[in-house]
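Below, each chain spelled out in residue letters.
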Amino acid sequence: PYGLHKKQKLDAFIPAKTDSSRSVVVLIHGGSWKKGDKLMLRSIQRMLLKNGVSSININYRLMNKKVKLGQQQQDIAASLQTADSLFKNSFSGKYILLGESAGAHLALMYGYRNNQQVQKIISLSGPTNLSDKAYISSFKSLLAIPIINKLTSSRYKKGGDLPDAYKACSPLYNISNVRTLMVQGGADFYVNKRHAYLLDSALEQRNIQ
């Protein structure tokens, strides 16, 4: 446990022989911010262990009336505090965040806002621009808008003016100097490849590789 809530738990996988020059990988599961579990990324965690990489795989509080993006970001911070005590001086001192889907969004947001703590971010199909007009105006957004409204504490209705919170909660508008790798499926129904292209272009303009 890294907190008192039942969801505030993490699994730490530590190889018998550790390399202090390596970063610890933090795995953050997806599930539209409102569902999912760390078991979803267990196979990746096992692969990392097999290759001598330490990792933590976290659960976080799922979105509801009281839990929004801010609380989920707090959970990542709290899990890293626990990881600091677990690994102490046995690693490089910075983390690699690896998230999938909504977990990738959380990883990007946290990593860009805490670049002194994060070395790299790996995004597996992560939403990067919640305010993308091309997406918001498409039929696919009918399912997403109620979820994004909850996440950002907004009341947007299709056809109205986009809330500032949509932009403020988008990784695209929070970029800082953190190396970022994006893995994106070209036929992904929920997260269009446009999200990856937009962030890639913005990172390239800032010469962040």
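Note that this is a predicted model, so its numbers are computed, not measured.

S.K.: I keep staring at the pairing of strand β3 (residues 55-58) and nothing clicks. Help me out?
M.R.: Side-chain direction in a regular strand flips from residue to residue, so the side chains alternate between the two faces of the sheet. Burial along β3 is two-sided: the face carrying Ser55 and Asn57 and the face carrying Ile56 and Ile58 are both buried. Alignment of strand β1 (residues 10-13) against β3, held across four bridges, turns out to be antiparallel. Considered in β3, the bridge of aspartate 11 is made with asparagine 57. Judged from the four bridges that link them, strand β2 (residues 24-28) and β3 form a sheet pairing that is parallel. Its bridge partner lying in β3, valine 26 is registered against isoleucine 56. Following the backbone out of β2, through helix α1 (residues 42-50) and into the adjacent parallel β3, one traces a crossover that is right-handed.

S.K.: Is there a simple way to think about the packing of helix α2 (residues 69-87) against helix α3 (residues 102-113) in this case?
M.R.: When two helices pack together, you describe them by how their axes are tilted relative to each other and by the distance separating the axes. As a packed pair, α2 and α3 sit with axes 10 Å apart at the nearest point and diverge in direction by 70°. Classified by the angle their axes make, α2 and α3 are roughly perpendicular. Only His105, Leu106, Met109 and Tyr110 of α3 make contact with α2, whose side of the interface consists of Leu69, Gln72, Gln73, Ile76, Ala77 and Leu80. Per-class residue counts for the contact of α2 with α3 are seven nonpolar, three polar and no charged.

So, how was this worked out
- Residues numbered from 1 in each chain as written.
- Predicted model: local features only at pLDDT ≥ 70, side-chain atom pairs only at ≥ 80, totals over all residues.
- Heavy atoms only, no water.
- Buried < 20%, exposed > 50% of the residue type's maximum accessible area, 1.4 Å probe, protein only.
- Helix = DSSP H or I, 4+ residues; strand = E, 2+ residues; numbered from the N terminus.
- Pairing = 2+ DSSP bridges.
- Right-handed = clockwise from strand over helix to strand, strands pointing away.
- Axes fitted to C-alpha atoms, helices over the stretch in contact; angles between N-to-C directions.
- Parallel < 35°, antiparallel > 145°, perpendicular 65-115°, else oblique.
- Contact = heavy atoms within 4.5 Å.
- Nonpolar A, V, L, I, M, F, W, Y, C, P; charged D, E, K, R; others polar.

Shape is all these values report; function is a separate question.
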